[in-house]
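Fold and contact review
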Amino acid sequence: MRRSTFLFLFGLSAAGVADTLLGGNPRFRRGDANDDGALDLSDATHTLSYLFLGRPSSIGCADAADSNDDGTLDLSDAVRSLTFLFLGAPPPPPPFGECGPDPSEDALRCAAFAGCLPRPPDGGVRFGEAVSYAVSGLPTAVAFGDFDGDHALDLACTEHYNRVSVRLGAGDGTFGEATTYATGVGSRPFSVAIGDLNVDGALDLAVANSEGNLPAPDASVSVFLGAGDGSFDEAVEYPLNTVGFHSIAMGDLDGNGTLDVALASVLGKVSVLLGAGDGGFGDAVSFPAGSDNLSLALGDLNGDGAPDIAVANWPAGDVLILLGDGDGTFGEPVGYAAGTGARAVAAGDFDADGALDLAVANSRSHDVSILLGAGDGTFGEAFSCRAGQNPQSVAVGDIDADGSLDLAVANITSDDVSILLGAGDGTFGESVSYAVGDEPFSVALGDINGDGLLDLAVANLRGNDISILLAR
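Residues numbered from 1 in each chain as written. Predicted model: local features only at pLDDT ≥ 70, side-chain atom pairs only at ≥ 80, totals over all residues. Heavy atoms only, no water.

1. Topic: the overall build of the protein
Helix and strand counts for the protein stand at 4 helices and 29 strands. A sequence separation of at least 24 residues applies to 51% of the contacts in the protein between residues at least 6 apart. With the model as given, the accessible surface of the protein reaches about 16,800 Å², and the carbon-plus-sulfur share is 52%. (Helix = DSSP H or I, 4+ residues; strand = E, 2+ residues; numbered from the N terminus. Contact = heavy atoms within 4.5 Å. Areas by Shrake-Rupley, 256 points an atom, 1.4 Å probe, with all protein chains shown as cover.)

2. Looking at the packing of aromatic side chains
The final tally for this structure, using the stated rule, is 11 aromatic pairs. For the pair F127 and Y434, a centre-to-centre distance of 5.3 Å together with 80° between the ring planes defines the contact as edge-to-face. Separated by 307 residues along the polypeptide, F127 in the loop between helix 4 (75–86) and strand 2 (131–134) and Y434 in strand 26 (residues 432–435) bring together distant segments of the chain. Y434 carries the same exposure label as F127, and that label is buried. Taken together, a centroid distance of 5.8 Å and an interplanar angle of 80° make the contact between Y181 and F232 edge-to-face. Placement of Y181 in strand 6 (residues 179–182) and of F232 in the loop between strand 9 (220–224) and strand 10 (236–239) is noted, with a sequence separation of 51 residues between them. (Phe/Tyr/Trp six-rings, centres within 6.5 Å; stacked < 30°, edge-to-face > 60°. Buried < 20%, exposed > 50% of the residue type's maximum accessible area, 1.4 Å probe, protein only.)

3. Brief notes about helix 2 (residues 41–52)
Side chains three or four residues apart in an α-helix point the same way, a direct result of the helix having 3.6 residues per turn. Between the first and last C-alpha of helix 2 there are 17 Å, a value that for 12 residues agrees with the 16 Å anticipated at 1.5 Å per step. Among the residues of helix 2, D43, A44, T47, S49, Y50 and L51 are the ones counted as buried. (Expected span 1.5 Å × (residues − 1).)

4. Comments concerning helix 4
Here helix 4 contains 12 residues, and its C-alpha end-to-end distance of 17 Å stays within 8% of the 16 Å for a straight helix at 1.5 Å per residue. Within helix 4 the residues assigned to the buried category are D77, A78 and S81. One side of helix 4 holds all its buried residues, which, seen down the axis, span an arc of 100°. Looking at the buried positions of helix 4, the neighbouring elements they touch are helix 2 and helix 3 (62–65). G88 sits one or two residues past helix 4 and shows a positive phi near 75°. (Arc of directions from axis to C-beta.)

This is the structure:
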C-alpha cells in the first residue's frame, strides 16, 4: 500500500471525518476486505481498486484486507485471495471465516468492521450514566488516540486556558490522571487533531490556537511530537498571521505521503500548512471561505483521490465546499444551504453509495442538516433532523453496530448529547438524548473499553470536566 494512502486514511479518522476509533484488539475476518461476511471475488476486486484506482476510503479494516498476514497491503493480498478461491491454495491465516482478533503484531489497524461488532439484544443502543473527569479550565475539544501503543484509546483535550491535557486509557473505560502541556500564554486553544506527523510510528498532536501567543496577537498551531509512551515534547509554534482559528484537521493534502493540517478561521478563511514529514511545517497559505467559519472536515468529496474541505459557515447558515487539486491548493468555495447558525460539520457515507455525505450541526435552528453527496463534489438539498438545544459539535460512527453510520451531537444549552441512528439510506431516526455536564461543547466517539461498541467523550465547557458515557 502506498504510504500516502495509509496516512490519508489515518489522518481523516483522527481529525474527524469519521471521528471514531476502536480500542483494544478489534475482531474481523481475514480476507473479507469489503466486510460483506465472506471472502469472494469481490474482496480481491475491492483490494485492487483500493491499491490502484485511488479509492482510499474504501477499506475500513486494513487487517482484513491483509489476506496473507504479512503486515502490508499490496498486490500479493489480492493474489492470495484469488489462489484460495480458484486454485485450491490454503485459506488465509486466522482469523478466517470466524471473527477474531489479529494474532500478529504489525502496523495495520482495523478502524471498523461492522460484521463482527456485537449488537444489543434489542438491536438498539444505550449509554450508561456519565462519569466525570475534572479539567483545569474550560475544555473546548476532545479527541481519541492510542498515544502509548497499548491498543487502548487515550484522550486529548484542549483547554481554553492555554494548555492541552492528555489522559491515558486503561482499556476498561477508565482514564488516569491528566498530564498537561502548555500551548503558550494567551493562545486560547480550541481544537486538536491527532496523527503521526513525523512518521515514527507514534501519534502526535496539532492544536489550533485561536488568539495567538503573547505579545504577538497572531493565532498559531502548536505541535506536540509524541514519544510513543504517552508523553509529548514541548510545543513548537507555527504562526498563522491572524486570529480566530477554531477548527483543525489532518490529512495528506499534497499527496506526498506526509500529513498536513487545515484550519478554519472566524475571519473567513481556510489556512493550510504542509508538513515536511519530520513534524515540521511550512508557512501557512490561506484560501477565502465565507465569513465566520467555526468548523471544517476533510474528505474526498469528488472521488479524485485528493482530499477536499467542507467548512461550516455560521452566519450564512451554509456549508462551503473547497475542492482540492491534490497539491495542497484548493479551488473557490461553493456554498450549500444548511440550517440557521451552521456550527459544526462532519463527513460520512450515510446512504452507502460510496460517496461522502455531510452532517452539519446548526446552533440556532437546533437541528442537524444532512446533505447527500453525488460523488462529484456536489450535494443535494439539505434536510434536517431535530437535535437538542444549540448543538455545537457532531461526530460520526456506527453507534448501534448495524453497519450504517449514526450521529452523536453535543448540545450546549440542553446539557445533553443527542444520538441519531442512521437507517443506511441517508435518513435518521428520532434523536435520543443523554445528560452530560454543564455546556457540552465537543463530542468524540471511540471504543474505550474494548467491547466493540462506540462510547462517548464530551467536553463540558462551563462544567470544567469531561463526561464519559459507555455504550451497553
